[in-house]
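Here is what each chain is made of, one letter per residue.
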Amino acid sequence: MKRLIEIVEKAKSLGRRTRIAVALAEDANTIGAICRATKEGFIHPVLIGDKHRIECLLEAQGLPLSETEIIDIKEPAQATKEAVRMVRDGEADVLMKGLVGTDQFLREVLNKERGLLPPKAVMSYACALELPKYHKLLIISDTAVLPTPDFSQKLAMVNYSVKMAHTLGIEKPKVALISATEKVSPGMPNTLDYALLCKMADRGQIKGCTIDGPLDVFLACDKEAVATKGVPTPIDGDADILIFPNLETANAFYKGLMLFGGGELAGLIQGTTKPVVVMSRSESENSKYYCIALSCLMAEET
Amino acid sequence: MEIRKLDQMFEVLKQREKKRLVAAWAVDEHTILAVNDAVNMGIVEGILVGDKKTIETICAQKRVDCKKLTIVDVDNDVEAAAKAVEMINNKEGDFLMKGLLSTDRYMRAILNKEKGLMNPGAVLSHVTVAEPSTYHKLIIFGDVAIIPEPDLAQKIQITNYLIRVANFLGIERPKVGLQAPSEQVLPKVRSSAEAAIISKMAERGQIKNAIVDGPLGLDLIIDAESAKIKGMKGEVLGDADCILFANIEAGNTFYKTVVKLVKSELCAIVMGARVPCVLTSRGDSERSKLYSIALAAMMAY
């Protein structure tokens, strides 16, 4: 896949409407993306929040009320609780954040008794980037949830990203473990974790991918750099997935790209029993639309 | 020439210019006879540092021809060790051997910061070369005697020592197995995690002149059949030249098993100083002492 629109095509081809419960569906961006996906026939939205406000927004988008389900709960915490409950009880397939604050939203997702994270599971974040200068989609993790992933969290990030790649039809994704250099050095503890991950893959303890690291972004994504540097790596400048050592690096990487290079992205929370869409309020309608499509594909897998 | 049997070292050394062995506090018959054997065989020149009268008395008793040996007269063990080390530093000798003094005093002379034989940052480690009757080649392994719980940095150094010994024995690209409980990477088991790290470092060319794999159980390292049963593939499996042991207990137990339960010839040296150091114990066979001297002489080139 080269473009995120292909994810939408794939979601449409599923031939079913994925049920998406939106917590506090009261912002124009979210409703805009939801309406677009509904009109194109691949989702059935359950909009939770202030009924009157939601209806006004839907009207502005020209979506008939009959194509949606609205649950009138005005209080944000209660609206979120209800959305999570619906997904947990199988009344919806995907959970999406609306105008509610991220902290409040995630607190409900993480709730031990009534949340969506299995016991001991690692919650992380992965997103697919469409980049004008790269020859295919690039999945990266973790740009949003884990500040300084430890070894087992890195392992979880790899497995989640690989699963996302499989969902996108990439059979044996190439996973690059990103650092500043390709050298393994005790002074850079992340590189030691990477060495372990590589060896685990060698030994069949991580499946379904080709993995190498530490590598810098050049060796991961640029064939010419690989040739120039002469570092033999099975990733060979053709990575499908970049795993970053920490949140700051991953976050700066994608924001820098979006700002200076252009592009689009679609991301999802990882580790939950059902897909969870969390986009910041500032994210474009387009990005939200792609996220919704991606969540439909991932919902098929869970 | 690749050395496949320990006695092939003698043939190689006879062809070369002789290296000068300096034996510290060589005032016992074990040391004097071992040096004398090596000199008579034509593989080294022998310098005995110790009390001249005692050395001459033993030589007379054991019918050793003193004239073939150089005697440096020093009257106690600590000074003898210091003198022997000084001779090495003055290029009056090429490698060191321990005589009757305690291992502790011998090491202290080597490790002395101003007058010793250490380069900054270097680690002293013990390397054994065994020729077990039941294995198809020599096995070079460590550390069975000096570093109890090597950390990652020390393991990297020890791995490099093993490779260097293999290279000097003519094995150009030795296969190194990193011993751990099993081939599975167990992140919480230190030996397993460190083996994975070292093996990746070798892949990146940070450890050179070798093929390195680990973690591996000992069975997979030395027995091709075990690897076959497990369906594992790798160049090191069942064909290792070198083994890095997880710690001293594992290494020492292997060493003693190889000596006592398997018919094996073996020898050892201490690596990490500016020159190779021989550290035989009185319990070693005559043959084994001779091999250790030969190994040190090989490494002194």
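Criteria and thresholds
Here the residue index of a chain counts from 1 through its sequence in written order. Numbering of ligands from 1 and lettering of chains from A proceed in the order in which they are written. Per-residue local features of the predicted model are confined to residues with pLDDT of at least 70, and side-chain atom pairs are confined, for both listing and counting, to 80 or more; whole-chain, interface and lining totals are unaffected and use all residues. A fitted line through C-alpha atoms serves as each axis, taken over the contacting stretch for helices, and the angle formed by two N-to-C directions is quoted from 0 to 180°. Only DSSP runs of H or I reaching four residues or more are called helices, and only runs of E reaching two or more are called strands; each is numbered from the N terminus. An angle counts as roughly parallel when it lies under 35 degrees, as roughly antiparallel when it exceeds 145, as roughly perpendicular when it falls between 65 and 115, and as oblique in every other case. Helix crossings get a hand from a simple test, with the near helix turned counterclockwise from the far one by less than a right angle marking a left-handed crossing and a clockwise turn marking a right-handed one. C-beta atoms are first placed from the backbone for all residues, and any pair lying within 7 Å is then listed as a contact. In this classification, Asp, Glu, Lys and Arg are treated as charged, Ala, Val, Leu, Ile, Met, Phe, Trp, Tyr, Cys and Pro as nonpolar, and every other residue, Gly included, as polar. Note that the domain bounds reflect an automated or database-derived domain assignment. Remark: C-beta atoms are placed from the backbone, and a residue is labelled buried if 20 or more other C-beta atoms sit within 10 Å of its own, exposed if 12 or fewer do, or partly exposed between those counts. Regarding the arc, it is the one traced by the directions from the helix axis to the C-beta atoms.

Asks: What exactly am I supposed to notice about the packing of helix H2 (residues 28–39) of chain A against helix H3 (residues 51–61) of chain A here?
Replies: Helices that pack against each other are described as a pair by the angle of their axes relative to one another and the distance between those axes. Residue and element names in this part refer to chain A. Packing of H2 against H3 brings their axes to within 10 Å, and their N-to-C directions diverge by 55 degrees. In this view, H2 runs oblique relative to H3, as classed from their interaxial angle. Viewed along their axes, H2 and H3 form a crossing whose handedness is right-handed. Facing H2, whose interface residues are Ala28, Ile31, Gly32 and Cys35, H3 presents Leu57, Leu58 and Gln61. Of the residues assigned to the contact of H2 with H3, the class counts are 5 nonpolar, 2 polar and no charged.

Asks: Sorry if this is basic, but what is going on with the domain arrangement of chain B here?
Replies: A common way to express how large an interface is: the accessible area buried when the components associate. All names here are of chain B. Taken domain by domain, chain B consists of domain 1 (8–121 + 273–299) and domain 2 (125–265). Domain 1 and domain 2 are separated by 29 Å when their C-alpha centres are compared. With 6 residues of domain 1 at the contact, the number on the domain 2 side is 5 residues. Residues that form the side of domain 1 that touches domain 2 fall into these classes: 4 nonpolar, 1 polar and 1 charged.

Asks: For this particular structure, what's the right way to read the environment of Gly116(B)?
Replies: All names here are of chain B. Within the secondary structure, Gly116 is located in the loop between helix H5 (103–111) and strand E5 (125–132). Between the C-alpha atom of Gly116 and that of Thr257, which follows or precedes it by 141 residues, the distance is 34 Å. Not counting chain neighbours up to four residues away, the residues in contact with Gly116 comprise Val85, Ala109, Ile110 and Leu111.

Asks: I would appreciate a short explanation of helix H3 (residues 52–61) of chain B in the present structure.
Replies: Owing to its 3.6 residues per turn, the α-helix aligns residues three or four sequence positions apart on the same side. Residues and elements named next belong to chain B. By the burial criterion, the buried members of H3 are Ile55, Ile58 and Cys59. The buried residues of H3 occupy an angular sector of 100 degrees when the element is viewed end-on, so they sit on one face. The exposed set on the far side of H3, more than 90 degrees from its buried face, consists of Lys53, Thr57, Ala60 and Gln61. The elements touched by buried residues of H3 are helix H2 (29–41), strand E2 (44–50) and strand E3 (70–73). Positive phi shows up at Arg63, right after H3, with a value of about 55 degrees.

Asks: What am I meant to see in the interface of chain B and chain A here?
Replies: With 14 residues of chain B in contact, the opposing surface of chain A contributes 13 residues. Ranked by residues supplied to the side of chain B that touches chain A, first place goes to helix H7 (residues 190–203) of chain B with 6 residues. The residue makeup of the side of chain B that touches chain A, split by class, is 8 nonpolar, 3 polar and 3 charged.

Asks: What am I meant to see in the environment of Met96(A) here?
Replies: All names here are of chain A. Its place among the elements puts Met96 in strand E4 (residues 94–97). Note: C-alpha distance between Met96 and Lys199 (103 residues apart in sequence) is 37 Å. Residues in contact with Met96, not counting those within four places in the same chain, are Ile20, Ala21, Val22 and Val277.

Asks: Where do I start with H3(A) in this structure?
Replies: All names here are of chain A. Turning to H3, its buried residues number three or more, namely Ile54, Leu57 and Leu58. Projected onto a plane normal to the axis of H3, the buried residues spread over an arc of 100 degrees and lie on a single side. Of the exposed residues in H3, the ones pointing more than 90 degrees away from its buried face are His52, Cys56, Glu59 and Ala60. Residues of H3 that are buried sit in contact with H2, strand E2 (43–49) and strand E3 (69–72). Phi for Gly62, located one or two positions after H3, is positive at around 70 degrees.

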